[in-house]
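Spelled out, the chains give:
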Amino acid sequence: MKLVSWMAVGAFVVGAIGCGRTSTSGPTTAAAGEERGACRADRTCAEGLMCLSDLCVRPPGADCQVVGAHAASIELGNYAAVEARAPTIAKFVALCEQVHVTKDEGACLVETRDQWSAAQCAPKLYPHVKTSGGDCKAIAGKVRSAIASSMGAPDPQIQQMLDKVAGVIEPSCEQDGWPDALKACLRASAGTMDGFNACEQLTPPALKQKMSERMQQAMR
């Protein structure tokens, strides 16, 4: 065998040995709960990280190009001009990468058709979609009173049903993240069914579905 061939074999063996050696860099020095650090005692990690095999790691990221294109379609509609879509897509792609939208969040988002629903999937992508506060108890009472007024003098059975309706609206308002615009509209309404119906356009389809499921469960 020629010398050059032996040299090649030697280089291959040295490389193989090097790859097989155990790292001597020592354990990670990251704080518990931080990226590449140990999970906390309750197996939680800092925001955006997940506990996997007792180590805090960042979950797989979304395809931000796909997320950006879909988010732009929600914001502009499907028929916006190319020159209008391009900067909006770029804005969402950059934000997606900046806030580390996860693969699961991205998969959820691309199935949505409105901004509120998209914000439930990837809230960091929509920091302006606020869902805090809103006087949910007062709103539930107002809706109950409006329904009662529209029915004249309801009997005890109807009163019981109205209590169930209010018992659905309040937790839905608090737990399902009603849009602030919807809650403001309901608070500002005249307390009549016509007034509440005017707020319907501010209710995302996905939220209507959640409320419908809650109502069906309550009426069983």
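You'll find the structure just up there.
Overview of the structure. For clarity, every value in this text was computed on a predicted model and none was experimentally measured.

A look at the layout of surface pockets
Piece 1. In this structure, the largest pocket encloses a volume near 420 Å³.
Piece 2. Forming the boundary of the largest pocket are 16 residues, of which Val143, Ile169, Phe196, Thr203 and Met211 lie nearest the centre.
Piece 3. When contributions to the lining of the largest pocket are tallied by element, the ones reaching two or more residues are helix H6 (136-150), helix H7 (156-175), helix H8 (180-188), helix H9 (193-197) and helix H10 (205-219).
Piece 4. Split into classes, the residues belonging to the lining of the largest pocket amount to twelve nonpolar, two polar and two charged.
Piece 5. What lines the second largest pocket is a set of 13 residues, and nearest its centre among them are Gln115, Trp116, Val129, Pro179 and Ala181.
Piece 6. Going through the elements one at a time, helix H5 (115-121) and H8 are the ones with two or more residues in the lining of the second largest pocket.

Overview of the packing of helix H2 (residues 64-76) against helix H3 (residues 82-99)
Piece 1. Relative orientation of the contacting elements H2 and H3 amounts to 130°, with a least axis distance of 8 Å. Considered as vectors, H2 and H3 are oriented oblique to each other. In this structure, the crossing between H2 and H3 has a hand that is right-handed. Seen from H2, the contacting residues are Cys64, Gln65, Val67, Gly68, Ala69, Ala71, Ala72, Ser73, Glu75 and Leu76; seen from H3, they are Ala84, Arg85, Thr88, Ile89, Lys91, Phe92, Val93, Cys96 and Glu97.
Piece 2. Across the contact of H2 with H3, the residue classes tally to eleven nonpolar, four polar and four charged.

Let's talk about the nonpolar core
Piece 1. Counting 19 residues, the largest nonpolar core has Val143, Ile169, Trp178, Leu182, Leu186 and Leu207 as its most contacted members.
Piece 2. Within the residue set of this core, elements represented by two or more residues are H6, H7, H8 and H10.
Piece 3. Looking at this core element by element, the count peaks at seven residues for H6.
Piece 4. Excluding residues within four positions of it along the chain, Val143 makes contact with Ile169 and Phe196.

Rules used in this analysis
Residues numbered from 1 in each chain as written. Predicted model: local features only at pLDDT ≥ 70, side-chain atom pairs only at ≥ 80, totals over all residues. Heavy atoms only, no water. 1 Å grid on protein atoms, 1.4 Å probe; cavity = no way out; pocket = protein on both sides within 12 Å on 5 of 7 lines; lining within 4 Å. Points joined across faces, edges and corners; volume = space filled by probe spheres on them. Helix = DSSP H or I, 4+ residues; strand = E, 2+ residues; numbered from the N terminus. Nonpolar A, V, L, I, M, F, W, Y, C, P; charged D, E, K, R; others polar. Axes fitted to C-alpha atoms, helices over the stretch in contact; angles between N-to-C directions. Parallel < 35°, antiparallel > 145°, perpendicular 65-115°, else oblique. Left-handed = near helix turned anticlockwise from the far one by under 90°. Contact = heavy atoms within 4.5 Å. Core = buried A, V, L, I, M, F, W, Y, C linked by side-chain atoms within 4.5 Å. Buried < 20%, exposed > 50% of the residue type's maximum accessible area, 1.4 Å probe, protein only.

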